[in-house]
Amino acid sequence: MKRLEGKVALVSGTARGQGRAAALRFAAEGALVVGGDLLHEEAVETQRLIAREGGIALTPGPLDVTDEESVRSWVDEAADAFGGIDIVYANAGAVCFGSIDGQPYADFSFTLRAELSPSAPISVRSTPPTSRSATRTATSSR
């Protein structure tokens, strides 16, 4: 039996990089992976890669982790499909680069929302009644 056999893992940012790698690893360990990303087609490719290796994954639709309704829908779909959530890997984020004296406040604010805020709505939405485990793992690669 694999370490995460039958566990449901929410993984944001599965289109590429660390999110894709985490989704593939969770699946290799037996988890049912629910991925999401704004780059939906690339996230669906991650789902295909998981299926090709014999794993199970779901990628409900584009996921915008800065939008509470998008997160709510993603978490609810995961809970409905698999009966709850055991693991949360909050990976997605985005950055607007610029010098401190030249960056517009809107870009700075966007970066804060995209990098720091996603963990909160994902974690809050994935607590009971959607949580299946008495012990859950919530992590962020940031």
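The sections below set out a description of the structure shown in this document. No experiment lies behind these values; they were computed from the predicted model shown.

### Section: the overall build of the protein
Piece 1. Counting its regular elements, the protein contains five helices and five strands.
Piece 2. Shown N-terminal to C-terminal, the secondary structure of the protein runs as helices and strands in the order β-α-β-α-β-α-β-α-α-β.
Piece 3. Burial analysis of the protein (142 residues in total) assigns 41% to the buried set.
Piece 4. Contacts spanning at least 24 positions in sequence make up 66% of the contacts within the protein whose residues lie at least 6 apart.
Piece 5. Looking at the protein as shown, the accessible area adds up to about 7,500 Å², and 54% of this sits on carbon and sulfur atoms.

### Comments concerning the pattern of salt bridges
Working definition: two side chains of opposite charge can pair if their charged atoms are close together.
Piece 1. With the rule as written, the count across this model stands at six salt bridges.
Piece 2. Linking Glu 45 and Arg 48 is a salt bridge whose minimum nitrogen-to-oxygen distance equals 3.2 Å. In this pair, Glu 45 and Arg 48 are both assigned in helix 2 (residues 40-52), three residues apart and thus about one turn of the helix distant.
Piece 3. On the accessibility criterion, Glu 45 (26% relative accessible area) is partly exposed.
Piece 4. Under the relative-accessibility criterion, Arg 48 is labelled partly exposed at 41%.

### Overview of the packing of aromatic side chains
Piece 1. Applying the stated criterion across every chain, the model contains two aromatic pairs.
Piece 2. Their ring planes at 75° and their centres at 5.9 Å tell us that Phe 26 and Tyr 89 sit as a pair that is edge-to-face. In this pair, Phe 26 sits in helix 1 (residues 17-28) while Tyr 89 sits in strand 4 (residues 87-90), placing the two residues 63 residues apart along the sequence. In terms of burial, Phe 26 and Tyr 89 fall into one category: buried.
Piece 3. Between the aromatic rings of Tyr 105 and Phe 108, the centroid separation amounts to 6.0 Å while the plane-to-plane angle is 45°, which identifies the pairing as tilted.

### Thoughts on the pairing of strand 1 (residues 8-12)
Piece 1. A large share of strand 1 lies buried, amounting to five of its five residues.
Piece 2. Judged by which residues are buried, strand 1 turns out to be covered on both faces: Val 8, Leu 10 and Ser 12 on one side and Ala 9 and Val 11 on the other are all buried.
Piece 3. Here five bridges tie strand 1 to strand 2 (residues 32-36), and the two strands are oriented parallel to one another. Looking across to strand 2, one finds that Val 11 is bridged to Gly 35.
Piece 4. Once the chain exits strand 1 it traverses helix 1 before rejoining the sheet at strand 2, and the crossover so formed is right-handed.
Piece 5. Across three bridges, strand 1 lies against strand 4 in parallel orientation. Across the sheet, the residue bridging to Ala 9 is Ile 87, located in strand 4.

### Section: the side chain of Ser 12
Piece 1. With respect to the helices, strands and loops of the structure, Ser 12 is situated in strand 1.
Piece 2. By relative accessible area, Ser 12 is classed as buried at 1%.
Piece 3. Reaching out from Ser 12, the side chain makes a polar contact with the backbone nitrogen of Ala 92 at a distance of 3.0 Å.

### Digging into helix 4 (residues 105-116)
Piece 1. The end-to-end C-alpha distance of helix 4, which contains 12 residues, comes to 16 Å, matching closely the 16 Å that a straight helix rising 1.5 Å per residue would cover.
Piece 2. When helix 4 is considered as a whole, its buried residues turn out to be Thr 111, Ala 114 and Glu 115. For helix 4, the arc enclosing every buried residue in end-on projection is 90°, short of the 170-degree limit, so these residues lie on one face. For helix 4, the exposed residues lying more than 90 degrees away from the buried face are Tyr 105, Ala 106 and Leu 116.

Cut-offs applied
- Residues numbered from 1 in each chain as written.
- Predicted model: local features only at pLDDT ≥ 70, side-chain atom pairs only at ≥ 80, totals over all residues.
- Heavy atoms only, no water.
- Helix = DSSP H or I, 4+ residues; strand = E, 2+ residues; numbered from the N terminus.
- Buried < 20%, exposed > 50% of the residue type's maximum accessible area, 1.4 Å probe, protein only.
- Contact = heavy atoms within 4.5 Å.
- Areas by Shrake-Rupley, 256 points an atom, 1.4 Å probe, with all protein chains shown as cover.
- Salt bridge = Lys/Arg side-chain N within 4 Å of Asp/Glu carboxyl O.
- Phe/Tyr/Trp six-rings, centres within 6.5 Å; stacked < 30°, edge-to-face > 60°.
- Pairing = 2+ DSSP bridges.
- Right-handed = clockwise from strand over helix to strand, strands pointing away.
- Polar contact = N/O pair within 3.5 Å; in protein donor to acceptor, adjacent residues only side chain to side chain.
- Expected span 1.5 Å × (residues − 1).
- Arc of directions from axis to C-beta.

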